[in-house]
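The lines below spell out each chain.
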Amino acid sequence: MQGVLAILSFFARRVSLSLITLFLLSIMVFLGGQVLPGNVGRAILGPFADQRAVDALNHTLGVDRPLLVQYWSWISNFVQGDMGTSYIFRSPVAPFVIDALGNSMKLAAVAFVLVVPIGILGGVIAALNLNRPLDRIISLGGLSVTVLPEFVTGIILILIFGVWLRWLPISAAWPRNAGFFTQLYYLILPSLPLFLVLFGYIARMARSGMIEALDSDYTRTAVLKGLPWRTVIWRHVLRNALLPTITVIATQTGYLIGGLVVIETLFRYQGIGSLIFTAARGKDFPMLESGILTIGIVYAVATLAADFLYSVLNPRIRLGSDQ
Amino acid sequence: MSAVQTTSQDDTRKRGPLAEVFFSLLRSRTFLVGLAIVLFWVACALFGERFAPYDPLADDIINALAPPSREHWFGTDQIGRDVFSRVIVGSRDILTVAPLATLLATVAGTALGLLTGYFRGIVDDVVSRILEAFMAIPVVIVALLAIVALGTSKTTVIIVIGLSFAPIIARTVRSAVLAERELDYVAAAQLRHESALHTMFVEILPNVIPPILVETTVRLGYAIFAVATLSFMGFGIQPPSPDWGLSISSNYGMIGGGFWWTVLFDALAIASLVIGVNLAADGVHGAFND
């Protein structure tokens, strides 16, 4: 009972922190999208438009109201699912954002399904071969591909698998009515750059978690009491070693989404990243703001989920401070 | 008066460890390899035009999209510009913008970190929450929003990336300051009724330089990453600069047709610079933590 209460209060504190973060994020997005650009009507109509037309457009868009009123109407509508009207498409933003988010999740899912097991496996293998050549190759290789911009690895992978070997399509736009496996086939190449970036992080966390766990007293005890090595690894080492990795995987969602902007642009894929990119290109502020705030929400939810999972798996964290 | 003396004594005492760090850097193979790569590109940025075989901006439509040959080692792009010359000179803009952004991030981040770590309490809470919100979305997207709102120019890119990275440096500095402020020398300064600013910038700052240096070198790698990415998306360095990210963005549409040389060498150049900076950063990190 006490434990459940502790989890609940821990979680309540986390949720309220996320809400504060999201509130601040919404203010920043609002400032960036509606205050900094200055005269929205002028920005849309161009420098030669008639002042009356600019004023009329500003009035229609509601950007001539006081800032507080604008913020409140924007955020209260957003919470109710009304993300405003796109300047470019002249139609509600929400369906675009939802479609795009769905597409991005497909791409992200492919990358995650590939990278989580392989990354953890890589880290575990590296730790079990500590300071031997295999460890060096995995660690240094992982580090090198992690620091490269996604469009650089993307271009190199496109050249290798799309242009020279011709194994995979170089665009992620699959034919209409494509089935699950066809879609998957088109998503492999775009997910590889994301895979490479994430692989380094996950493998590094898994490796250092493993090293710490292998070095611990409980592992020594388990070995000394005569348990088989395999049991020691599976039951004692891995359980403790992989806890921090879970948190890293969740925090990587943020980076993953940053990467999506680039990857989706490079592969012409209709996801939230390319939505933001197109909106930015066209100065479509309602679309841009909603896209970014949506990403913030996805990130907050992922972080919360990771915290929750972590606290359930690790009883020690529940009762300690939230630092 | 007494403050001046304390700091000068601190300096003499610190020279030992700093010299040690310097020598262990010289012994670090990772650092030296990284440094060599970075210096190579810096040399290209400074003197590239002298040994580039062609004018990197001169077009030559008749020889457009020529594959690599003896005349054009890396081939030519879609309007016949020599790719080899462009790759050599292409390091210039990114090696101006990224370091300046990092410098701005370091200065702003250090100030913020000192303030939040030293005062704690409400200042810390408020600033930390704002910084957290800032870090909840990827830098590239923050930058995108800000650049669209402010308009694209090299200065905007420097300011936007600098300010986006400041919170991350602030976090590192803050945690270092939290540990330092409990030490006796800070208590001594407070007992002498030194001003808070003096305590922060004259007493504490010299003692948190190592984590700041490490964080700065790491951030430089990310700054290059961010500038290259923004340029690739058309929100960073603008044409007609031979910048690598920009060149890739204007040529990658054609790689389906097999014109690999228009993008491969720029991609490899970015890769080598980023890896070089990260190797050097790794060396600096190692030297300070041994």
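Keep in mind the model is a prediction, meaning the values are calculated, not measured. (Residues numbered from 1 in each chain as written. Chains lettered and ligands numbered in written order. Predicted model: local features only at pLDDT ≥ 70, side-chain atom pairs only at ≥ 80, totals over all residues. Heavy atoms only, no water.)

Let us now look at the overall build of chain A. A count of helical and extended segments in chain A gives 14 helices and zero strands. In sequence order, chain A lays out its α and β elements as α-α-α-α-α-α-α-α-α-α-α-α-α-α. Taken along its principal axes, the extent of the C-alpha atoms in chain A is 85 × 60 × 35 Å. Across the 323 residues that make up chain A, the buried fraction comes to 49%. Sequence separation of 24 or more characterises 70% of the internal contacts of chain A that already satisfy a separation of 6 or more. Total accessible area on chain A is roughly 16300 Å²; 67% of this is exposed by carbon and sulfur atoms. Each charge class in chain A was averaged separately, 23 positive and 15 negative side chains, and the resulting centres sit 10 Å apart. (Helix = DSSP H or I, 4+ residues; strand = E, 2+ residues; numbered from the N terminus. Buried < 20%, exposed > 50% of the residue type's maximum accessible area, 1.4 Å probe, protein only. Contact = heavy atoms within 4.5 Å. Areas by Shrake-Rupley, 256 points an atom, 1.4 Å probe, with all protein chains shown as cover. Lys, Arg positive; Asp, Glu negative; His and termini not counted. Charge placed at Lys NZ, Arg CZ, Asp CG, Glu CD.)

With that out of the way, let us pick up the interface of chain B and chain A. Between chain B and chain A, the contact holds 40 residues from the first and 47 residues from the second. Of the roughly 3900 Å² buried where chain B meets chain A, counting both sides, 82% is carbon and sulfur surface. Taken together, the links from chain B to chain A amount to zero salt bridges. Summed over the shared surface of chain B and chain A, the number is three residue pairs in polar contact (both at pLDDT 80 or more). Secondary-structure elements contributing two or more residues to the side of chain B that touches chain A are helix H5 (121-135), helix H6 (139-150), helix H10 (209-232), helix H11 (244-251) and helix H12 (261-289) of chain B. At nine residues, H12(B) tops the list of elements feeding residues into the side of chain B that touches chain A. Each residue belonging to the side of chain B that touches chain A can be placed in one class, and the counts come to 31 nonpolar, seven polar and two charged. (Buried area = accessible area lost by both parts, 1.4 Å probe. Salt bridge = Lys/Arg side-chain N within 4 Å of Asp/Glu carboxyl O. Polar contact = N/O pair within 3.5 Å; in protein donor to acceptor, adjacent residues only side chain to side chain. Nonpolar A, V, L, I, M, F, W, Y, C, P; charged D, E, K, R; others polar.)

Turning our attention to the confidence of the model for chain B. Residues and elements named next belong to chain B. Of the residues in chain B, 93% reach a pLDDT of 70 or more, and the chain-wide mean stands at 85. Low pLDDT (under 50) marks residues 1-13, which in the prediction has eight contacts with non-local residues, meaning those over four places away or in another chain. Taken together, the chains of this predicted complex give a pTM of 0.84 and an interface ipTM of 0.83. (pLDDT = per-residue confidence, 0-100.)

Bringing empty space enclosed by the protein into the picture now. Regions of empty space are outlined by a rolling probe, equal in size to a water molecule, passed over the atoms. Scanning all chains against the criterion turns up three cavities of 30 Å³ or more. If you add up the space inside the largest cavity, you get close to 60 Å³. Taken together, A:Leu140, A:Leu143, A:Ser144, A:Val147, B:Ile275, B:Asn278 and B:Leu279 make up the full set of residues lining the largest cavity. For the lining of the largest cavity, the elements supplying multiple residues, two or more each, are helix H6 (133-147) of chain A together with H12 of chain B. If you tally residues by element for the lining of the largest cavity, the top one is H6(A), at four residues. Of the volumes computed, that of the second largest cavity is approximately 50 Å³. Mapped onto the lining of the second largest cavity, the elements with two or more residues apiece are helix H3 (83-89), H11 and H12 of chain B. When grouped by side-chain class, the residues that make up the lining of the second largest cavity number one nonpolar, three polar and three charged. (1 Å grid on protein atoms, 1.4 Å probe; cavity = no way out; pocket = protein on both sides within 12 Å on 5 of 7 lines; lining within 4 Å. Points joined across faces, edges and corners; volume = space filled by probe spheres on them.)

So, about the domain arrangement of chain B. Residues and elements named next belong to chain B. Assigned domains of chain B: these are domain 1 (17-90 + 245-290) and domain 2 (96-241). Placing the centre of domain 1 and that of domain 2 at their C-alpha centroids yields a distance of 28 Å. For the domain 1 and domain 2 pair, buried surface summed over both sides reaches about 1300 Å², with 80% attributable to carbon and sulfur atoms. The three residues of domain 1 that bury the most area against domain 2 are Leu246, Val277 and Phe288, which together make up 38% of that side's buried surface. At the junction of domain 1 with domain 2, the criterion picks out zero salt bridges. (Domains from an automatic or database assignment.)

How two helices sit against one another is set out by the angle between their axes and by the gap between those axes. All names here are of chain B. Running from N to C, helix H2 (residues 29-51) and H12 cross one another at 140 degrees; their axes reach a closest spacing of 7 Å. For the element pair H2 / H12, the angle class is oblique. Viewed along their axes, H2 and H12 form a crossing whose handedness is left-handed. Of the residues in H12, those in contact with Thr30, Phe31, Val33, Gly34, Leu35, Ile37, Val38 and Trp41 of H2 are Ala269, Ser272, Leu273, Gly276, Val277, Leu279, Ala280, Asp282, Gly283 and Val284. (Axes fitted to C-alpha atoms, helices over the stretch in contact; angles between N-to-C directions. Parallel < 35°, antiparallel > 145°, perpendicular 65-115°, else oblique. Left-handed = near helix turned anticlockwise from the far one by under 90°.)

All names here are of chain A. Put simply, the second largest pocket is a space of about 420 Å³. Taken together, 19 residues line the second largest pocket, and the ones lying closest to its centre are Leu61, Gly84, Thr85, Tyr87 and Pro286. Top contributing element to the lining of the second largest pocket by residue count: helix H4 (residues 67-79), with four residues. In terms of residue class, the lining of the second largest pocket is built from seven nonpolar, eight polar and four charged.

Take helix H7 (residues 154-180) of chain B next. If you check H7(B), its first and last C-alpha atoms are 37 Å apart, about what 27 residues at 1.5 Å a residue would give, namely 39 Å. Largest kink in H7(B): about 30 degrees, centred on B:Ala166, with the proline B:Pro167 one to four residues after it. (Expected span 1.5 Å × (residues − 1). Bend = angle between axes of the 7 residues up to and from the residue.)

In this section: the packing of aromatic side chains. All names here are of chain B. Under the definition given, this model contains 24 aromatic pairs over all chains. Ring geometry for phenylalanine 232 against tyrosine 252: centres 5.4 Å apart, planes inclined by 45 degrees, an arrangement best described as tilted. Here phenylalanine 232, found in helix H10, pairs with tyrosine 252, found in the loop between H11 and H12; they are 20 residues apart in sequence, far enough to count as distant. For phenylalanine 232, a relative accessible area of 4% corresponds to the buried category. Take tyrosine 252: its relative accessible area is 13%, and that puts it in the buried class. (Phe/Tyr/Trp six-rings, centres within 6.5 Å; stacked < 30°, edge-to-face > 60°.)

Turning our eyes to something else, we now look at H4(A). Residues and elements named next belong to chain A. Helix length check: H4 (13 residues) gives 18 Å between terminal C-alpha atoms against 18 Å at 1.5 Å per residue, within 8%. Considered for burial, the residues of H4 that qualify are Gln70, Tyr71, Trp74, Ile75, Ser76 and Phe78. The first or second residue beyond H4 is glycine 81, which carries a positive phi of 90 degrees.

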